[in-house]
Amino acid sequence: MSKDTSVLLDEKRVFKANYRIVEEAHVKNWEAEIEKGQDLEKYWSEKAEQFEWFEKWDKVLDESKKPFYKWFTNGKINLSYNAVDRWVFTDKRNKVAILYANENGEERKLTYYELYREVNKMANALKNLGIKKGDTVSMYLPMCPELLISMLACTRIGALHSVVYSGLSVGAFVERMNDSNAKVLITADGTYRRGKIIDLKKIADEALLQCSTIEAVVVVQHAGNPITISELSGREIFYDTLIDGESDECPVEEMDAEDPLFLLYTSGSTGKPKGVLHTTAGYMVGVATTLKNVFDIHDGDLWWCTGDIGWITGHSYAIYGPLLLGTTTMIYEGAPDYPDPGAWWKIVEKYGVTKLYTAPTAIRHLMRYGSKHPNLYNLSSLKILGSVGEPMNPEAWMWLYKNVGKEKTPIMDTWWQTETGMHMIAPLPISPLKPGTPTLPLPGIDADVVDENGDPVAPGKGGYLVIKKPWPAMFRTLYKDEKRYIDVYWNKIPGGVYHAGDIARKDEDGYIWIQGRSDDVLNIAGHRVGTSEVESAFVSHPAVVECAVIGKSDPIKGQVIKSFIILKEGYQLNTKLIENLQKHVRYELGPVAVLGEIQQVDKLPKTRSGKIMRRILRAQEEGEDLGDTSTLED
Ligand code: WT7
């Protein structure tokens with residue numbers, strides 16, 4: 001592919017922060033913070049000072065074995081201690097740490113002190129099950145307090161957790177459990193999903209038949225599902241029985257800064273899932289700093305990250321980030337539109353959520369129902385909104401900004417990955433925002449758009465998104481697969497830079513526009529075209545709510561754009577609308593956007609984390625094998 005992307009979404013709207021936001025912000029001077037971030041070691045060591053260390057580090061960044069970077073070498077610290085114990089000795093002792101609510105209107109609150117006691121009991125219980133520092137505990141649990149308690153119990157005693165999203169199928173679950181050599185599995189009697197109870201224990205039983213490493217199975221009685229456990233097997237026990245009588249004091253493991261913290265699997269389009277390994281101190285510094293600055297966390301906040309804890313979003317920003325800052329984190333078990341499309345807004349009103357962090361897929365979904373639902377509730381507690389996971393279509397951004405934020409709350413579109421552990425490209429609340437871009441690399445982060453030789457490309461031209469300097473929350477390797485770690489991420493682009501796998505372009509202000517995964521890129525008459533800009537152009541048409549595009553082989557043009565669209569209620573795809581759409585997209589994107597067939601669909605294939613799986617559409621279109629479908633939603 002020689003020519004560069006010439007399909008550009010021409011988004012000119014700019015939104016400046018209002019005085020209220022600027023007045024409150026931790027970072028008031030963006031340029032000064034960027035300047036400080038130039039000196040990596042100084043910048044990140046200052047951020048590391050916020051924690052209680054058992055022993056100070058002797059080197060901030062060790063680059064002697066690239067790309068196996070080390071941060072805060074020889075420092076001794078514990079995440080769980082800093083996220084829980086540290087607050088118990090302050091006036092946050094009786095502050096709510098975890099606020100759990102679900103689709104049935106039930107709630108549970110745990111203060112920092114209560115959380116402390118629960119974590120200690122569970123830590124002792126895990127030890128009694130034979131879990132030692134370095135062992136792995138697998139979790140297949142709903143969004144429930146026991147999941148957070150179990151994760152914090154692991155990190156307290158130096159065990160790794162490997163959380164498997166509770167919506168994944170048996171096959172995907174088995175693969176992850178086996179690869180991680182997990183010794184204990186923690187699961188539950190069920191999870192609530194749209195008025196039904198999904199029996200997680202049943203799925204776990206099926207998975208356990210194919211797993212040889214698990215020595216004990218702990219079952220949380222969460223959903224009132226009357227299950228029995230096979231006590232005969234000698235390895236199954238209810239969570240409450242397990243912790244009953246355990247002491248609420250368990251010594252904290254002094255972890256080396258570089259000791260493994262957790263495993264989290266992320267699927268590639270081919271091959272087995274990748275076991276992303278994060279380590280202790282750098283991860284803590286990265287997530288706490290970014291959450292504090294990007295979402296401007298203060299003591300009075302009620303923080304709600306809607307992402308499931310089964311994904312990195314939940315690890316970094318539903319549990320560890322907020323607790324490391326001593327804030328209250330809302331954990332919600334339920335869909336955005338059940339029992340009705342106002343479900344989330346009702347929660348915001350009821351509890352007074354101040355910061356809401358969600359995903360484009362959820363916003364596009366809720367957009368379908370129009371502005372009626374958010375308008376039924378008082379959303380004035382909201383101060384900052386945020387998004388992660390996919391490119392935010394400008395139309396979805398505007399919808400959220402107008403209907404939920406009432407044009408007062410900035411939207412933090414954050415670009416990052418399971419591998420990066422923390423936000424990388426994102427605005428600060430004081431930044432001028434443009435709908436559809438995560439704006440600029442954060443202070444201390446060196447991200448760029450380059451060509452295949454590693455040379456920066458001119459503004460407006462498409463290229464590969466890379467990270468040029470190490471960052472503290474970076475993953476350290478792929479579990480048991482160093483070769484794949486090097487091949488996939490570090491050897492693709494010359495210059496020893498991290499290859500993120502996305503294509504992007506910068507605009508004249510340096511703002512980075514993510515155009516899609518490089519695997520999904522289209523090649524139209526020699527032009528490289530990102531999926532996201534074509535899709536956003538479709539979504540900006542009043543009849544369209546969601547869209548996916550793929551390149552379809554064409555004997556003459558090489559590839560043509562095939563589009564799959566979901567229409568708003570009341571619209572039907574006919575010749576007139578097709579013509580209209582073609583004109584609209586061509587107007588938005590310019591002449592390169594020659595559209596082939598437009599097909600109306602009810603649903604798009606998505607991963608269970610809500611990302612559109614264009615590869616499935618491609619395979620279907622070309623009559624090829626679908627490949628790995630274990631993370632496909634339906
Ligand atoms: C990929 C990483 C990090 C939490 C959830 C996803 C896409 C993520 C954005 C954004 C455009 C985005 C990228 C990235 N992505 N955030 N703000 N704008 N694209 O984690 O499953 O590891 O996926 O998600 O393609 O590479 P993940």
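Procedures and definitions
- Residues numbered from 1 in each chain as written.
- Predicted model: local features only at pLDDT ≥ 70, side-chain atom pairs only at ≥ 80, totals over all residues.
- Heavy atoms only, no water.
- Helix = DSSP H or I, 4+ residues; strand = E, 2+ residues; numbered from the N terminus.
- Rg over C-alpha atoms; globule rule 2.2 N^0.38 Å.
- Buried < 20%, exposed > 50% of the residue type's maximum accessible area, 1.4 Å probe, protein only.
- Salt bridge = Lys/Arg side-chain N within 4 Å of Asp/Glu carboxyl O.
- Pairing = 2+ DSSP bridges.
- Axes fitted to C-alpha atoms, helices over the stretch in contact; angles between N-to-C directions.
- Parallel < 35°, antiparallel > 145°, perpendicular 65-115°, else oblique.
- Left-handed = near helix turned anticlockwise from the far one by under 90°.
- Contact = heavy atoms within 4.5 Å.
- Polar contact = N/O pair within 3.5 Å; in protein donor to acceptor, adjacent residues only side chain to side chain.
- Near = heavy atom within 4 Å.
- Areas by Shrake-Rupley, 256 points an atom, 1.4 Å probe, with all protein chains shown as cover.
- Nonpolar A, V, L, I, M, F, W, Y, C, P; charged D, E, K, R; others polar.
- Phe/Tyr/Trp six-rings, centres within 6.5 Å; stacked < 30°, edge-to-face > 60°.
- Lys NZ or Arg CZ within 6 Å of the ring centre and 35° of its normal.

S.K.: What is the right way to read the overall build of the chain from this model?
M.R.: Each helix and strand counted, the chain has 19 helices and 30 strands in total. For 634 residues, the compact-globule estimate of 2.2 N^0.38 gives 26 Å, and the chain sits close to it at 24 Å. Principal-axis analysis of the C-alpha atoms places the extent of the chain at approximately 70 × 55 × 50 Å. The buried share of the chain, reckoned over its 634 residues, is 63%.

S.K.: How should I be thinking about the pattern of salt bridges in this particular structure?
M.R.: A side chain with one charge may pair with a side chain of the opposite charge, provided their charged atoms come close. Taken as a whole, this structure holds 40 salt bridges when the rule is applied. The shortest N-O distance in the salt bridge between Asp-299 and Lys-92 comes to 2.5 Å. Of this pair, Asp-299 sits in the loop between helix 10 (280–294) and strand 16 (302–305) while Lys-92 sits in the loop between helix 4 (79–88) and strand 4 (96–102), and the two are 207 residues apart along the sequence. Under the relative-accessibility criterion, Lys-92 is labelled buried at 13%. Here the salt bridges share partners, and the residues they tie into one network are Arg-364, Arg-368, Glu-390, Glu-546 and Lys-606.

S.K.: In this structure, what is going on with the pairing of strand 5 (residues 107–111)? I would like to understand it.
M.R.: Where strand 4 meets strand 5, five bridges bridge the pair, whose relative direction is antiparallel. Residue pairing for strand 5: Leu-99 is matched across the bridge by Lys-109.

S.K.: Help me understand the packing of helix 7 (residues 170–179) against helix 8 (residues 200–208) in this model?
M.R.: If you want to describe how two helices pack, look at the angle between their axes and the distance between the axes. Packing of helix 7 against helix 8 leaves a shortest axis separation of 9 Å and a crossing angle of 55°. Viewed along their axes, helix 7 and helix 8 adopt a mutual orientation that is oblique. The two elements helix 7 and helix 8 cross, and the hand of that crossing is right-handed. Residues Val-170, Phe-173, Val-174 and Met-177 of helix 7 touch helix 8, and the partners they reach there are Ile-203, Ala-204, Glu-206, Ala-207 and Leu-208.

S.K.: Teacher, can you tell me more about helix 4 here?
M.R.: Note that an α-helix has 3.6 residues per turn; residues three or four places apart therefore point the same way. Burial of helix 4 is extensive: 10 of the 10 residues sit out of reach of the surface. All buried positions along helix 4 are accounted for by Leu-79, Ser-80, Tyr-81, Asn-82, Ala-83, Val-84, Asp-85, Arg-86, Trp-87 and Val-88. Of the surrounding secondary structure, the elements contacted by the buried residues of helix 4 are strand 3 (76–77), helix 5 (112–128), helix 6 (145–157), strand 14 (260–266), helix 10 and helix 11 (312–324). Where helix 4 begins, the capping side chain belongs to Asn-78, and its oxygen is found 2.8 Å from the backbone nitrogen of Ser-80.

S.K.: Explain the sheet that holds strand 11 (residues 216–220) here, please?
M.R.: Sheet strands pair via backbone hydrogen bonds, and the direction of the pair is either parallel or antiparallel. Sheet architecture is open: eight strands sit in the order 12-11-8-6-7-14-15-23, paired in mixed fashion. Strand pairing shows two members of the sheet lacking a second neighbour, strand 12 (236–238) and strand 23 (477–478), which therefore form its edges. Sheet topology note: the strand 11/strand 12 ladder contains three bridges and is parallel. For Val-218, the partnering residue across the bridge sits in strand 12 and is Ile-237. Those strands touched by helix 7 are strand 6 (136–140), strand 8 (184–188) and strand 14, and its axis lies near 165° from that of strand 6.

S.K.: What should I look at first to understand helix 17 (residues 531–539) in this one?
M.R.: Burial within helix 17 is extensive, with nine of its nine residues counted as buried. Listed in full, the buried residues belonging to helix 17 are Thr-531, Ser-532, Glu-533, Val-534, Glu-535, Ser-536, Ala-537, Phe-538 and Val-539.

S.K.: Can you walk me through the site of the ligand in this structure?
M.R.: Around the ligand, the structure places 16 residues, and the nearest of them are Asp-413, Thr-414, Gln-417, Thr-418 and Arg-517. At 2.7 Å from a nitrogen atom of the ligand is found a side-chain nitrogen or oxygen belonging to Asp-413. Between the ligand and the protein, one listed contact pairs an oxygen atom with a side-chain N or O atom of Thr-418 at 2.6 Å. When the free accessible area of the ligand is taken as 560 Å², the share hidden by the protein chains comes to 90%. For the shell around the ligand, the secondary-structure elements that each account for two or more residues are helix 11 and strand 25 (512–517). Looking at the shell around the ligand residue by residue, the classes come out as six nonpolar, five polar and five charged.

S.K.: What is the right way to read the packing of aromatic side chains from this model?
M.R.: This structure, assessed with the given rule, holds 30 aromatic pairs. Taking 5.2 Å as the distance between ring centres and 70° as the angle between the ring planes, the aromatic pair formed by Trp-57 and Phe-72 counts as edge-to-face. Linking Trp-57 in the loop between helix 3 (40–48) and strand 1 (59–62) with Phe-72 in strand 2 (residues 70–73), this pair joins segments that are 15 residues apart in sequence. Here Phe-72 falls in the buried class, since its relative accessible area comes to 0%. Here a set of aromatic residues connected by ring pairs shows up, and it is made of Phe-68, Tyr-69, Trp-471, Phe-475, Tyr-485, Tyr-489, Trp-490 and Tyr-498. Note that Arg-93 overlies the ring of Tyr-113, its terminal NZ or CZ placed 4.3 Å from the centroid.

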